[in-house]
Amino acid sequence: MKDYFDNFDVIEKNLKYMVENHGEIYEAYENFGKLVHENGGPLNEKTRWLIKIALSADCQNPYSLRTHMLKALKSGCTKEEIEHTILLVAPTCGFPKTMHAMLCLRDVLEHERETLSF
């Protein structure tokens with residue numbers, strides 16, 4: 001849980017439940033994700049997070065989208081790089097998904113300005 005970014009309260013509570021009640025499964029999931037992310041191939045850190053943003057935008061999962069945006073910012077991605085990634089979603093996955101992700105990015109950036117000054 002040390003890499004976990006503070007998401008919405010409901011997600012934090014659900015993650016806590018998962019860890020407390022299914023810790024071994026969650027740990028295996030985390031280890032698998034970390035292994036694929038870090039050792040799966042030659043892509044650099046920023047590129048990996050941008051890809052995860054695009055995938056989350058396509059899935060329209062606001063929780064993973066928000067988390068991946070925060071991790072991308074932490075890894076050095078700029079607002080412009082994240083926006084470009086979101087724009088690239090439109091031709092393949094659809095404009096509504098792009099708009100949903102753009103709204104999420106604006107929310108993340110507004111929240112981060114208020115709390116951390118990104």
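If you're wondering where the values come from, they're calculated on a predicted model, not measured in any experiment.

Here the focus is a nonpolar patch on the surface. Nonpolar side chains collect at one region of the surface, where Leu43, Ile51 and Leu55 lie side by side and expose about 260 Å² of accessible area between them. Within the element layout of this structure, leucine 43 appears in the loop between α1 (9-39) and α2 (45-59).

Counting 19 residues, the largest nonpolar core has Ile53, Leu65, Met69, Ile82, Ile86 and Leu105 as its most contacted members. Elements supplying a minimum of two residues to this core: α2, α3 (62-74), α4 (79-93) and α5 (95-115). It is α5 that provides the largest number of residues to this core, a total of six residues. Aside from chain neighbours lying at most four places away, what touches leucine 105 is Met69, Lys79, Ile82, Glu83 and Ile86.

This next bit is on the pattern of salt bridges. According to the stated counting rule, one finds five salt bridges in the structure shown. Between glutamate 45 and arginine 48 there is a salt bridge, with its nearest N and O atoms 2.3 Å apart. With a gap of three residues between them, glutamate 45 and arginine 48 both fall in helix α2, about one helical turn apart. With relative accessibility at 32%, the residue glutamate 45 sits in the partly exposed group.

Packing of α2 against α4 brings their axes to within 9 Å, and their N-to-C directions diverge by 45 degrees. It follows that α2 is oblique to α4 by the angle criterion. In the packing of α2 onto α4, the handedness of the crossing is right-handed. Note on element contacts: α4 touches α2 through Glu81, Ile82, Thr85, Ile86, Val89 and Cys93, opposite Lys46, Leu50, Ile53, Ala54, Ala57 and Asp58. Looking at the contact of α2 with α4 residue by residue, the classes come out as eight nonpolar, one polar and three charged.

The rules behind these values
Residues numbered from 1 in each chain as written. Predicted model: local features only at pLDDT ≥ 70, side-chain atom pairs only at ≥ 80, totals over all residues. Heavy atoms only, no water. Patch = residues over 30% accessible without salt bridge, like charges linked within 9 Å, V, L, I, M, F, W, Y side chains within 5 Å. Areas by Shrake-Rupley, 256 points an atom, 1.4 Å probe, with all protein chains shown as cover. Salt bridge = Lys/Arg side-chain N within 4 Å of Asp/Glu carboxyl O. Helix = DSSP H or I, 4+ residues; strand = E, 2+ residues; numbered from the N terminus. Core = buried A, V, L, I, M, F, W, Y, C linked by side-chain atoms within 4.5 Å. Buried < 20%, exposed > 50% of the residue type's maximum accessible area, 1.4 Å probe, protein only. Contact = heavy atoms within 4.5 Å. Axes fitted to C-alpha atoms, helices over the stretch in contact; angles between N-to-C directions. Parallel < 35°, antiparallel > 145°, perpendicular 65-115°, else oblique. Left-handed = near helix turned anticlockwise from the far one by under 90°. Nonpolar A, V, L, I, M, F, W, Y, C, P; charged D, E, K, R; others polar.

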